[in-house]
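Notes for the structure review
Each chain, letter by letter, is given below.
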Amino acid sequence: MNASLVKRTLAAVAAVGALATGMGAAQAEDVKAGFVYVGPIGDHGWSYRHDIGRQAIEAELGDAASTTFVESVPEGADAERVITQLAQTGHNLIFTTSFGYMNPTEKVAKRFPNVKFEHATGYKRADNLSTYAARFYEGRYVAGVIAGKMTKSNIVGYVGSFPIPEVVRGINSFMMGAWSVNPDVQVKIVWANTWYDPGKEGDAAKALIDQGADIMVQHTDSPAPLQVAENRGVLGFGQASDMIKFAPKAQLTAIVDNWDSYYVARAKAVADGTWESKDTWGGIDTGMVEMAPYTNMPDDVKALAEETAAKIASGEFHPFTGPIYDQAGELRVAEGEIADDGMLLGMDWYIKGIDAELPK
Amino acid sequence: MEWIVPFTLTVITASTPLLLAASGELITEKSGVLNLGVEGMMLVGAITGFAVTASSGSAVLGILAAVVAGTLMSLIFAFLTLTLMANQVATGLALTIFGVGFSALVGSGFVGFAIDPLPALSIPGISAIPIIGPILFGQDFLVYLSIAAVIGIWWFLVKSRAGLILKAVGDSHHSAHAIGYSVIKIRYLATMFGGAMAGLGGAYLSLSYTPMWAENMTAGRGWIALALVVFATWRPGRLVAGAYMFGLISVMQLHAQGAGIHVPSQFMSMLPYLATVIVLVIISSDRAKIRLNAPACIGQAFRAAQ
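Fair warning: this is a prediction, and the values are worked out from it, not measured in the lab.

1. Things to note about the overall build of chain A
- Within chain A, the regular secondary structure consists of 11 helices and 14 strands.
- Each of the three principal axes of chain A carries a C-alpha extent, and together these read 80 × 45 × 40 Å.
- Buried positions account for 51% of the 360 residues belonging to chain A.
- Contacts spanning at least 24 positions in sequence make up 64% of the contacts within chain A whose residues lie at least 6 apart.

Rendered as structure tokens:
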């Protein structure tokens, strides 16, 4: 290696180092974890909760770990560039936290076999690439039980984002929970066709309440629908994080994403060399899905909700236990059987009894 | 028919931010300045209004601060395009991008704060009249202000001498300059008015529509306001019609979904935009009419010499 090449290499290393410092990294430690977020950490939902998980690593591992994050990274070519940069700057554990990062993560993982990658909500794995997601539908079943008990008009309003399996699974699970305690409940579903537009999400909630809904459920990311529920004097559920501050009189509970323990466990695994590639789909039992404190409901409903959540956590009960029929009346899950994960991950049909058409 | 009242109330709240921002932009454009930074000015207005209200507890202070913030944003634009004669389209786009980032930076400390929404007007007896009462006499004051602003703008453009001067500056800046009007000063004022109204539109979003701060909460409403000005062919009356039509269709599609009307929801979400495009096509088929109202010098830089 001649002198000028050494010089150039050193300059490049220095430049990359400067970039890394610009992103808020500290000195290299045993574990150096990088995070890629799809939204701003101030979205008070999805990316916000991932960032709380990142902070948990720093709090738990202390000096043995340092972390870096890059927020609002578009899914696509930009993501590959960001992930590559993290891998080149000495990060040995990289979390990519949106479905759309799947292909870029896989590509970069191939080029950096010594770096461990963790991709949220995807399905492509490699020796140095794990996947993880949470079974939010378990929380939605518990919410359904509460809604079935609490509704007076027997109409539940549901603000959906996009008709993808994750959301459809949530609606099905919620309604099975509601019908388990109150067979007369009906659901009205409005698709906002956005994950994030507070004004539009709020308008959708207003439309549903105007049509008689007295429980508001949402699968969009802003607190607006819950806030509308608060202002209109009806009840509702928080999404992704505890939104009690926005709706002290309306929030019954919230289905909280809790990545903390998973992130800490994975960082520790890297630190002691036990990290292995695997697929994790954690539910209430692993703490990944957490129910915010039960509020604004009588004690018996609270007790029922706690009991339901405990049964799901212990594995005694699975929300998708047959018989389950789809809207056409076809038997999808036989009596006594449990829907397998493949069916859950690809769910594109409503269960029997939901009076709405699934947009295709 | 009991759904009429809540339905109308929702339409009004969905239309008001658009109307506020668009009426300011209408005056800006009438003076010959095209400011594409409405979205950015609204966002900065939204976070300023929210931050000041949350810290001081006074919504009035918050609204005033939002107006000032929107005006300051438009002053950046005015200085760059009118004094330094930068390209208006590029500067406007830059202003929007700046506003998105700047509001997110300032707002990072205000995520998750909750405030009380603006109080609605309540006149004992009158506000309780069925249907008319809550619709006409039960709004918060920004709604009334948006209507008053449009009436004021109409009067200003059609009846006042100052309005004539503004239109002269927008239609032929050289002629206006030749007979002694300060084109740059008038354009500065018109641009600042546009910024103030955009700030107010933003404050309506963060203080009344959804009383909270969330990054990028305008979600494209600034662009819709810009489209509405063209849609209205720069006429205040049509601006009200356009803003309310937009609000009506976007709320109607949500109601139709809830009522189980089986139309693809993606199509419904597209409807308000489709309607805007269709009306634009219809209007632009009559070129004479557009030329009658469109400011002839829009987007052009003015140099005082010659």
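After presenting the structure, the write-up continues.
2. Comments concerning the overall build of chain B
- What chain B contains, in helices and strands, is 13 helices and zero strands.
- Listing every helix and strand of chain B by position from the N terminus yields α-α-α-α-α-α-α-α-α-α-α-α-α.
- In summary, chain B has a C-alpha radius of gyration of 20 Å against a globular reference of 19 Å for 306 residues, a match within 12%.
- Once the C-alpha set of chain B is aligned to its principal axes, its extents read approximately 65 × 45 × 40 Å.
- In chain B, which comprises 306 residues, the share counted as buried stands at 48%.
- Summarising the internal contacts of chain B: among those between residues at least 6 apart in sequence, 77% fall at separations of at least 24.

3. Some thoughts on the sheet that holds strand E3 (residues 93–96) of chain A
Residues and elements named next belong to chain A.
- Across the sheet, which stays open at both edges, the six strands sit in the order E2-E1-E3-E4-E5-E11 with parallel pairing between neighbours. With partners counted over all chains shown, the strands left at the sheet margins are strand E2 (65–70) and strand E11 (279–282), one partner each. Pairwise comparison of adjacent strand axes, ignoring direction, gives a mean angle of 15° for this sheet.
- With four bridges connecting them, E3 and strand E4 (residues 116–120) associate as parallel partners. Considered in E4, the bridge of Ile-94 is made with Phe-117.
- Along the sheet, helix H4 (residues 102–111) makes contact with E3, E4 and strand E5 (129–134), crossing E4 at roughly 170°.
- The sheet strands contacting helix H9 (residues 260–271) are strand E1 (31–36), E2, E3, E4, E5 and E11, and the helix crosses E1 at an angle near 140°.

4. What to know about the interface of chain B and chain A
- Listed by partner, the interface residues are 34 residues for chain B and 31 residues for chain A.
- Contributing elements (two or more residues each) for the side of chain B that touches chain A: helix H1 (4–30), helix H4 (88–107), helix H9 (183–209), helix H11 (236–258) and helix H12 (265–284) of chain B.
- Of the residues in the side of chain B that touches chain A, the class split is 19 nonpolar, 14 polar and one charged.

5. Regarding the packing of helix H6 (residues 141–159) of chain B against H11 of chain B
Residue and element names in this part refer to chain B.
- Where H6 meets H11, the closest approach of the two axes is 9 Å, and the angle between their N-to-C directions is 155°. On the basis of the axis angle, H6 is roughly antiparallel to H11. Within the contact between the two elements, H6 uses Val-150, Ile-153, Trp-154 and Leu-157 and H11 uses Pro-236, Gly-237, Leu-239 and Val-240.
- A per-class count over the contact of H6 with H11 returns seven nonpolar, one polar and no charged.

6. So, unusual backbone geometry
Residues and elements named next belong to chain A.
- Here the bond from Gly-322 into Pro-323 is cis, since omega is 5°, no more than 30 degrees from zero.
- Checked against the element boundaries, Pro-323 lands in the loop between helix H10 (299–314) and strand E13 (324–325).
- Phi is positive for Asn-296, which is not a glycine, with a value near 55°.
- Tracing the sequence through the fold places Asn-296 in the loop between strand E12 (289–291) and H10.
- Accessibility expressed as a C-beta count within 10 Å gives 18 for Asn-296, which makes it partly exposed.

7. As for the nonpolar core
- Counting 178 residues, the largest nonpolar core has Ala-22, Leu-200, Leu-228 and Leu-239 of chain B as the members making the most contacts within it.
- The biggest single contributor to this core is H9 of chain B, with 14 residues.
- There are two domains that each give this core at least three residues, and those are domain 1 (24–134) and domain 2 (136–256 + 291–345) of chain A.
- Beyond its immediate sequence surroundings of up to four residues, Leu-239 of chain B is in contact with Leu-19, Ala-22, Ser-23, Leu-26, Val-150, Leu-228, Val-229 and Ala-232 of chain B.

8. Focus: the domain arrangement of chain A
Residue and element names in this part refer to chain A.
- Parsing chain A into structural domains produces domain 1 (24–134) and domain 2 (136–256 + 291–345).
- A straight line from the C-alpha centre of domain 1 to that of domain 2 covers 30 Å.
- Domain 1 puts seven residues into the contact, and the matching count from domain 2 is seven residues.
- The greatest single-element share of the side of domain 1 that touches domain 2, amounting to three residues, is contributed by helix H2 (residues 46–61).
- Looking at the side of domain 1 that touches domain 2, its residues break down into three nonpolar, two polar and two charged.

9. A short note on the packing of H1 of chain B against H9 of chain B
Residues and elements named next belong to chain B.
- For the pair H1 and H9, interaxial distance at closest approach is 7 Å and the crossing angle is 170°. Relative to H9, the element H1 is oriented roughly antiparallel. Of the residues in H9, those touching H1 at Thr-13, Thr-16, Pro-17, Leu-20, Ala-21, Ser-23, Gly-24, Glu-25, Ile-27, Thr-28 and Lys-30 are Ala-190, Thr-191, Phe-193, Gly-194, Ala-196, Met-197, Ala-198, Leu-200, Gly-201, Tyr-204, Leu-205 and Tyr-209.

10. Focus: the sheet that holds strand E9 (residues 235–240) of chain A
All names here are of chain A.
- Strand order in the open sheet formed by six strands is E7-E6-E8-E9-E10-E12, and the pairing between neighbours is mixed. The outermost strands of the open sheet, each flanked by one partner alone, are strand E7 (186–191) and E12. Direction aside, the axes of adjacent strands within the sheet are offset by 20° on average.
- Pairing of strand E8 (residues 215–218) with E9, which is carried by two bridges, proceeds in the parallel orientation. Each residue of the ladder has a partner; that of Ile-215, found in E9, is Leu-235.
- Together, strand E6 (155–160), E8, E9, strand E10 (251–257) and E12 form the strand contacts of helix H5 (residues 136–150), whose direction differs from that of E10 by roughly 175°.

11. Notes on the environment of Cys-297 of chain B
Residues and elements named next belong to chain B.
- Mapped onto the secondary structure, Cys-297 falls in the segment after helix H13 (287–293).
- Residue class for Cys-297 comes out buried when judged on the 22 C-beta atoms lying within 10 Å of it.
- Sequence separation between Cys-297 and Thr-71 is 226 residues, and the spatial gap between their C-alpha atoms is 23 Å.
- Not counting the four nearest positions on each side in its chain, Cys-297 is found in contact with Gly-32, Gly-170, Asp-171, Ser-172 and His-173.

12. Quick look at the confidence of the model for chain B
- Here chain B averages 89 in pLDDT, and 96% of its residues register 70 or above.
- Both scores are given for the predicted complex: the pTM is 0.82, the ipTM 0.81.

13. What about the pairing of E10 of chain A?
Residues and elements named next belong to chain A.
- Most of E10 sits inside the fold, with seven of its seven residues counted as buried.
- Two strands pair when backbone bridges link them, and E9 and E10 are joined in this way by four bridges, in the parallel orientation. Each residue of the ladder has a partner; that of Ala-240, found in E10, is Val-256.
- Examined bridge by bridge, E10 and E12 share three bridges and lie antiparallel to one another. Counted as the bridge partner of Asp-257 is Val-289 from E12.

The rules behind the values
The written sequence of each chain sets the order in which its residues are numbered from 1. Here chains are named by letter from A upward and ligands by number from 1 upward, in the order in which they appear as written. Two thresholds apply to this predicted model, a pLDDT of at least 70 for residue-level local features and 80 or more for giving and counting side-chain atom pairs, whereas whole-chain, interface and lining totals are computed over all residues. For the purposes of this entry, the term helix denotes a DSSP run of H or I that reaches at least four residues, the term strand denotes a run of E that reaches at least two, and both are numbered from the N terminus. Our exposure labels follow a C-beta count within 10 Å of each residue's own C-beta, placed from the backbone: buried means 20 or more other C-beta atoms, exposed means 12 or fewer, and partly exposed covers the counts in between. Our contact criterion uses C-beta atoms placed from the backbone: two residues qualify when those atoms are within 7 Å. Here the globule rule is a power law, 2.2 Å times the number of residues to the power 0.38, and the radius of gyration is based on C-alpha atoms. One bridge is not enough; two strands pair if DSSP finds at least two bridges between them. Simply put, an axis is a line fit to the C-alpha atoms, just over the touching stretch for a helix, and the angle between two N-to-C directions goes from 0 to 180 degrees. For this classification, the nonpolar set comprises Ala, Val, Leu, Ile, Met, Phe, Trp, Tyr, Cys and Pro, the charged set comprises Asp, Glu, Lys and Arg, and every other residue, Gly included, is treated as polar. Our angle categories are set so that under 35 degrees counts as roughly parallel, over 145 as roughly antiparallel, 65 to 115 as roughly perpendicular, and the remainder as oblique. Connectivity within a nonpolar core runs through C-beta atoms within 7 Å, and the core itself is a set of buried Ala, Val, Leu, Ile, Met, Phe, Trp, Tyr and Cys residues. Annotation comment: domain bounds sourced from an automatic or database domain assignment. Values of pLDDT, the confidence the predictor places in each residue, fall between 0 and 100.

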